[in-house]
Amino acid sequence: MPPSPSLGPIRQVGYVVDDLDAALANWVELGVGPWFVLRRIAQQADYRGDPRDVTISIALANSGELQLELIQQHGETPSIYTEFLDDRGAGFHQFAYWPDDFDAALGAVRDAGWPVVWSSAEEGGVRYAYAEPPAGVATVVELMEFTEVTEGLAKFVREAADGWDGSEPIRPLN
């Protein structure tokens, strides 16, 4: 078996949920926030080799340096999210890495034999890929292209969490 690729530090932990608002309430009760929410965004991706159009809502918050992501898919279109919910129910889904060199990291994952099961299909957007690692630590590992846009959003979310006083726990971004 090829060695596992070195992808850098885990930057995000992702959860797939079937009710975003209920999940947000649970995390806020734990003192995590504020949450920045994007509702009903269209996403085009390749799912196990087939193109898919899905609509998702996501929420982002930080706990220290670690970013948390909640993902709810709207509708039943087959995807990495509906597959997870059908197999396991809502819960922990992925670790995410933000490699400096996305192409090299994706190549290393493929060279290690990790199947890419969900990846961006939109031209001009931030690229991402979900791969299935051989170890059972996570269902999938996400690679997200680290650009000025993703870096800026990560910094914005992290800084909002620093010293958060509990006010405005849910903050819409769209």
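Presented here is a report on the structure given in the accompanying data block. (Residues numbered from 1 in each chain as written. Predicted model: local features only at pLDDT ≥ 70, side-chain atom pairs only at ≥ 80, totals over all residues. Heavy atoms only, no water.)

1. What to know about the packing of aromatic side chains
According to the stated counting rule, one finds 10 aromatic pairs in the structure shown. A ring pair is formed by Y128 and Y130, whose centres lie 6.2 Å apart and whose planes are at 65°; its orientation type is edge-to-face. The class for Y128 is buried, based on a relative accessible area of 12%. You can call Y130 buried: its relative accessible area is 2%. Taken together, the ring pairs connect Y15, W27, W35, F92 and F95 into an aromatic cluster. (Phe/Tyr/Trp six-rings, centres within 6.5 Å; stacked < 30°, edge-to-face > 60°. Buried < 20%, exposed > 50% of the residue type's maximum accessible area, 1.4 Å probe, protein only.)

2. Topic: a nonpolar patch on the surface
Residues L153, F156 and L173 make up a contiguous nonpolar surface patch of roughly 240 Å² in combined accessible area. With respect to the helices, strands and loops of the structure, L153 is situated in helix α4 (residues 148-161). (Patch = residues over 30% accessible without salt bridge, like charges linked within 9 Å, V, L, I, M, F, W, Y side chains within 5 Å. Areas by Shrake-Rupley, 256 points an atom, 1.4 Å probe, with all protein chains shown as cover. Salt bridge = Lys/Arg side-chain N within 4 Å of Asp/Glu carboxyl O. Helix = DSSP H or I, 4+ residues; strand = E, 2+ residues; numbered from the N terminus.)

3. Observations regarding the environment of R127
Inspection of the secondary structure puts R127 in the loop between β6 (116-120) and β7 (128-131). On a C-alpha basis, the gap between R127 and S6 in space is 19 Å, while along the polypeptide they are 121 residues apart. Excluding anything up to four places from it in sequence, R127 contacts F102, D103, S120, L143, M144 and E145. (Contact = heavy atoms within 4.5 Å.)

4. Notes on the environment of V140
With respect to the helices, strands and loops of the structure, V140 is situated in strand β8 (residues 140-144). Spatially, the C-alpha atoms of V140 and Q94 are 5.0 Å apart, while their sequence positions differ by 46 residues. Apart from residues lying up to four places away in sequence, V140 is in contact with I80, H93, Q94, F95, V117, Y130, A131, E132 and P133.

5. Structural notes on the pairing of strand β5 (residues 91-97)
Among the seven residues in β5, five count as buried, and that is most of the element. As paired strands, β5 and β8 are joined by four bridges and run parallel to one another. Residue F95 lies in a different strand from β8, and its bridge partner there is V141. (Pairing = 2+ DSSP bridges.)

Read these as spatial facts, not as claims about activity.
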